[in-house]
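Here is how the chains run, residue by residue.
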Amino acid sequence: MPESVRVELTERYNLDDSLPVQYVKYISGVVQGDFGTDFRGREVSEIMKERIPRTAKLALVAFMFEVLIGIPAGVLAGIRQKGFMDSLVLVSTLTVISIPIFVLAYVAQLTLGLRLGWFPIAGIQDGWKSYILPGLVLGSVSLAYVARLTRASIAENLRADYVRTAKAKGLRHRRVVSVHTLRNSLIPVVTYLGVDLGALLGGAIVTESVFNIPGLGNEVYSAIVRQEGTVVVGITTFLVIVYMVTNLLVDLLYAVLDPRIRYE
């Protein structure tokens, strides 16, 4: 690091020690759960404790939409290729992927919230119901990717030798799809879901800001506006840790889905 930059940072943040020492102190503090303080002297860890449950609820709702809608849609499209369901899934998912997330958020607020009145459009005053609409918006793009990935994986495995053998033995079509095909097809889907769950838990800045959800993403946005670098770095560091842990759990889950995978 250039000396002029080091001096400027030292004067701006009142650093008495050298920057490498400060890095070591910060890392040791993170290990102990100390992510620093904001301009008002409040611990960043306390801010995260207050906002993590809200982000976790939003991420859980979005994840459930991905699993409960994306996987079944992909399975139906995969086993009925070139049919109506396949075309519907491909066209609808491509449309969702093509639209920016903030546009989807405002359209959902206008149609499902204001005009139809099915869901609250902002805040968390209505409990779990307040998370349905933002959760649907947050998980919409990932839902589309899950459906398309499941469809492609199902279509590929239906042509595999072990599936043809199972059909030749006279097994029912439902059993061939649910036991032999789906289990192997879920490996790439679970990989994507695990990575996406880490991203969802990381907080969605756009979604939480549009729907006024006081979660981690909204706090990061507010901290950027206030130029509170400590809050941004502290929350980002925590989100990186969450992302790494979820990816580790996904790797361990491989052995459950495919018995051929073993960890020594």
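Scroll up for the structure.
Residues numbered from 1 in each chain as written. Predicted model: local features only at pLDDT ≥ 70, side-chain atom pairs only at ≥ 80, totals over all residues. Heavy atoms only, no water.

## Concerning the overall build of the protein
Check the secondary structure of the protein and you find 11 helices and zero strands. Ordering the α and β elements of the protein from the N terminus gives α-α-α-α-α-α-α-α-α-α-α. (Helix = DSSP H or I, 4+ residues; strand = E, 2+ residues; numbered from the N terminus.)

## Some points on helix 10 (residues 216–226)
Residues of helix 10 that are buried: Leu216, Gly217, Asn218, Glu219, Val220 and Ala223. Positive phi appears at Gln227, one or two residues downstream of helix 10, with a value of about 60°. (Buried < 20%, exposed > 50% of the residue type's maximum accessible area, 1.4 Å probe, protein only.)

## Examining the packing of helix 5 (residues 101–115) against helix 6 (residues 132–157)
For any two helices packed against each other, the geometry is given by the interaxial angle and the distance between the axes. Relative orientation of the contacting elements helix 5 and helix 6 amounts to 145°, with a least axis distance of 10 Å. Considering only the axes of helix 5 and helix 6, their crossing is right-handed. Contacts between helix 5 and helix 6 involve Ile101, Leu104, Ala105, Ala108, Gln109, Leu112 and Gly113 from the first element and Leu133, Leu136, Val137, Ser140 and Val141 from the second. In terms of residue class, the contact of helix 5 with helix 6 is built from nine nonpolar, three polar and no charged. (Axes fitted to C-alpha atoms, helices over the stretch in contact; angles between N-to-C directions. Left-handed = near helix turned anticlockwise from the far one by under 90°. Contact = heavy atoms within 4.5 Å. Nonpolar A, V, L, I, M, F, W, Y, C, P; charged D, E, K, R; others polar.)

## Describing a nonpolar patch on the surface
On the surface, a nonpolar cluster with roughly 710 Å² of combined accessible area is contributed by Phe102, Val103, Tyr106, Val107, Ile205, Val206, Tyr221 and Val225. Of all elements in the fold, only helix 5, helix 9 (205–210) and helix 10 reach the threshold of two or more residues within the nonpolar patch. Of the residues forming the nonpolar patch, the biggest block, four residues, is contributed by helix 5. If you trace the backbone, Tyr221 turns up in helix 10. (Patch = residues over 30% accessible without salt bridge, like charges linked within 9 Å, V, L, I, M, F, W, Y side chains within 5 Å. Areas by Shrake-Rupley, 256 points an atom, 1.4 Å probe, with all protein chains shown as cover. Salt bridge = Lys/Arg side-chain N within 4 Å of Asp/Glu carboxyl O.)

## With respect to the environment of Phe211
Here Phe211 shows up in the loop between helix 9 and helix 10. For the pair formed by Phe211 and Gln109, sequence separation is 102 residues and the distance between their alpha carbons is 8.3 Å. Here Phe211 is in contact with Ala105, Gln109, Ile121, Ala122, Gly123, Leu133, Pro134 and Val137, once residues within four sequence places are set aside.

## Details of the nonpolar core
Formed by 32 residues in total, the largest nonpolar core has its most connected members in Ile71, Val137, Leu138, Val189, Leu193, Leu200 and Phe211. Mapped by element, the contributors of at least two residues to this core are helix 3 (44–79), helix 5, helix 6 and helix 8 (173–201). Every residue in contact with Val189, bar those within four places of it in the chain, is listed here: Ile71, Val146, Leu149 and Thr150. (Core = buried A, V, L, I, M, F, W, Y, C linked by side-chain atoms within 4.5 Å.)

## Some details on the pattern of salt bridges
Evaluation of the coordinates by the stated rule reveals two salt bridges. A salt bridge links Arg51 to Glu219; the nearest nitrogen and oxygen atoms lie 3.0 Å apart. Here the residue Arg51 occupies a position in helix 3, and Glu219 occupies one in helix 10, the gap between them amounting to 168 residues. Exposure class is identical for Arg51 and Glu219. Each is buried. Across the salt bridge formed by Asp86 and Arg151, the nearest N and O atoms sit 2.5 Å from each other. A residue pair is termed long-range when its members are at least 10 positions apart, and Asp86 in helix 4 (residues 84–98) and Arg151 in helix 6 qualify at 65 residues. We note that Asp86, like Arg151, is buried.

## Considerations on the packing of aromatic side chains
The full count for this structure, using the stated rule, is two aromatic pairs. Measuring from centroid to centroid gives 6.0 Å for Trp128 and Tyr131, while their planes differ by 55°, and the two rings are tilted. A relative accessible area of 46% places Trp128 in the partly exposed class. Centre to centre, the rings of Tyr145 and Tyr192 are 6.3 Å apart; their planes meet at 55°, and the pair counts as tilted. Separated by 47 residues along the polypeptide, Tyr145 in helix 6 and Tyr192 in helix 8 bring together distant segments of the chain. Directly above the aromatic system of Trp128 lies the positively charged group of Lys57, at a separation of 5.6 Å from the ring centroid. (Phe/Tyr/Trp six-rings, centres within 6.5 Å; stacked < 30°, edge-to-face > 60°. Lys NZ or Arg CZ within 6 Å of the ring centre and 35° of its normal.)

## A word on unusual backbone geometry
Outside of glycine, negative phi angles account for most residues, and trans bonds account for most peptide bonds. Although it is not a glycine, Asn212 sits at a positive phi angle of roughly 55°. In this structure, Asn212 sits in the loop between helix 9 and helix 10.

## Considerations on the environment of Ala144
Residue position: Ala144 is located in helix 6. Using a relative accessible area of 2% as the deciding quantity, one classes Ala144 as buried. Sequence-wise, Ala144 and Glu66 are 78 residues apart; in three dimensions their C-alpha atoms are separated by 8.0 Å. Apart from the residues within four sequence positions on either side, Ala144 is in contact with Thr93, Val96 and Ile97.

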